[in-house]
Amino acid sequence: MIGDLEYNSLQKKVLKTIFKDKKNVVVSCKPGRGMDTVVKTIEIYYKMLGKKVLIVKEGERREEGYDFYIYMGNEVLEASNYNLFITNNKIYCDTSEYIEDDYKIPSNVEVVDADELEYHENIFSIMLPLKDKKRIIESINKGEKIFTSEDIKIIL
């Protein structure tokens, strides 16, 4: 699904809670944190089991007859009707595990506008080939100065 890259910390928490802990999840996070990858992972898993996943986006209605229900949006809905509820809001539900995103950008990483990246050498961009992404991630872990756009949120 994501090749040789690892899931980020938020993705790991969500997938562990769903697959290992067998709990429903409400996730509060901003866009760009890899929730589309989590949704695709769940879709592939359930498809392999011969089961169906329904993804309900803001403004759409939930339908019956599915094995796993995902909501992605910011409407105030009943979270307990979904196995995975992804929103920017803080929504608590007694029947679901609540996960709030809490990533931090390392001090050696400077976020700049995407059009400014061409003026720097060590950059991270979602557009880089996989081998370059892996090299930059290693550089970040070694404390080297890296310039990036908001794309960095996907790996933190």
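The rules behind each value
Residues numbered from 1 in each chain as written. Predicted model: local features only at pLDDT ≥ 70, side-chain atom pairs only at ≥ 80, totals over all residues. Heavy atoms only, no water. Pairing = 2+ DSSP bridges. Helix = DSSP H or I, 4+ residues; strand = E, 2+ residues; numbered from the N terminus. Salt bridge = Lys/Arg side-chain N within 4 Å of Asp/Glu carboxyl O. Buried < 20%, exposed > 50% of the residue type's maximum accessible area, 1.4 Å probe, protein only. Contact = heavy atoms within 4.5 Å. Core = buried A, V, L, I, M, F, W, Y, C linked by side-chain atoms within 4.5 Å. Axes fitted to C-alpha atoms, helices over the stretch in contact; angles between N-to-C directions. Patch = residues over 30% accessible without salt bridge, like charges linked within 9 Å, V, L, I, M, F, W, Y side chains within 5 Å. Areas by Shrake-Rupley, 256 points an atom, 1.4 Å probe, with all protein chains shown as cover. Lys, Arg positive; Asp, Glu negative; His and termini not counted. Charge placed at Lys NZ, Arg CZ, Asp CG, Glu CD.

Chemist: It is not clear to me how the sheet that holds strand β7 (residues 123–124) should be interpreted in this structure. Could you clarify?
Modeler: Hydrogen bonds along the backbone pair up the strands of a sheet, which may run parallel or antiparallel. The strand order across the open sheet built from 3 strands is β6-β8-β7, with neighbouring strands paired in parallel fashion. In this open sheet, the two edge strands, each paired with only one partner strand, are β6 (109–111) and β7. Alignment of β6 against strand β8 (residues 146–148), held across 3 bridges, turns out to be parallel. Bridged to V111 within β8 is T148.

Chemist: Help me out: how do you make sense of the pattern of salt bridges in this one?
Modeler: Between side chains of opposite charge, a pair can form as their charged atoms come close. Overall, the coordinates contain 10 salt bridges when judged by the stated rule. When the shortest N-O distance is used, the salt bridge between K23 and E97 registers 3.4 Å. With K23 in the loop between α1 (9–20) and β1 (24–28) and E97 in strand β5 (residues 96–100), this residue pair connects regions lying 74 residues apart in the sequence. For K23, a relative accessible area of 41% gives the class partly exposed.

Chemist: Honestly, the side chain of S28 in this entry has me stumped. Any pointers?
Modeler: As for its placement among the helices and strands, S28 is situated in strand β1. If we ignore the near neighbours within four places in the chain, the residues touching S28 are T87, N88, N89, K90, Y98, I99, E100 and D101.

Chemist: What am I meant to see in the pairing of strand β4 (residues 84–87) here?
Modeler: Regular strands place side chains that alternate from one sheet face to the opposite one. With burial as the criterion, each face of β4 is covered, one bearing L84 and I86 and the other bearing F85 and T87. Relative to β4, β1 runs parallel, the two being bridged by 4 bridges. Along β4, the bridge assignment pairs S28 with T87. Here 3 bridges tie strand β3 (residues 68–72) to β4, and the two strands are oriented parallel to one another. What sits directly across from I70, in β4, is L84.

Chemist: How do you make sense of the nonpolar core when you look at a structure like this?
Modeler: Judged by nonpolar contacts, the single largest core of 19 residues is most densely connected at V14, V27, I42, I70, L84 and I86. Mapped by element, the contributors of at least two residues to this core are α1, β1, α2 (35–48), β3 and β4. Looking at which element gives the most residues to this core, the answer is α2, with 5 residues. Every residue in contact with L84, bar those within four places of it in the chain, is listed here: V14, I18, V25, V27, V38, I42, F68, Y69, I70 and Y71. Formed by 10 residues, the second largest nonpolar core is a distinct cluster that contains V26, L54, I91 and C93.

Chemist: Is there a simple way to explain the sheet that holds strand β2 (residues 53–57) in this structure?
Modeler: Taken together, the 5 strands give an open sheet; going across it, the order is β2-β3-β4-β1-β5, and neighbouring strands pair in parallel fashion. Sheet topology places β2 and β5 at the edges, where each strand pairs with a single neighbour. Adjacent strand axes in the sheet meet at a mean angle of 15 degrees, parallel and antiparallel pairs treated alike. Across 5 bridges, β2 lies against β3 in parallel orientation. Across the sheet, residue V53 finds its bridge partner in β3, namely F68. The sheet strands contacting α2 are β1, β2, β3 and β4, and the helix crosses β3 at an angle near 165 degrees.

Chemist: Just checking my understanding: could you explain a negative patch on the surface for this structure?
Modeler: A cluster of acidic residues, D113, D115, E116 and E118, forms a negative patch on the protein surface. Of note, E118 is situated in the loop between β6 and β7. The class of E118 is exposed, set by a relative accessible area of 64%.

Limitation: the analysis is restricted to geometry and does not speak to function.
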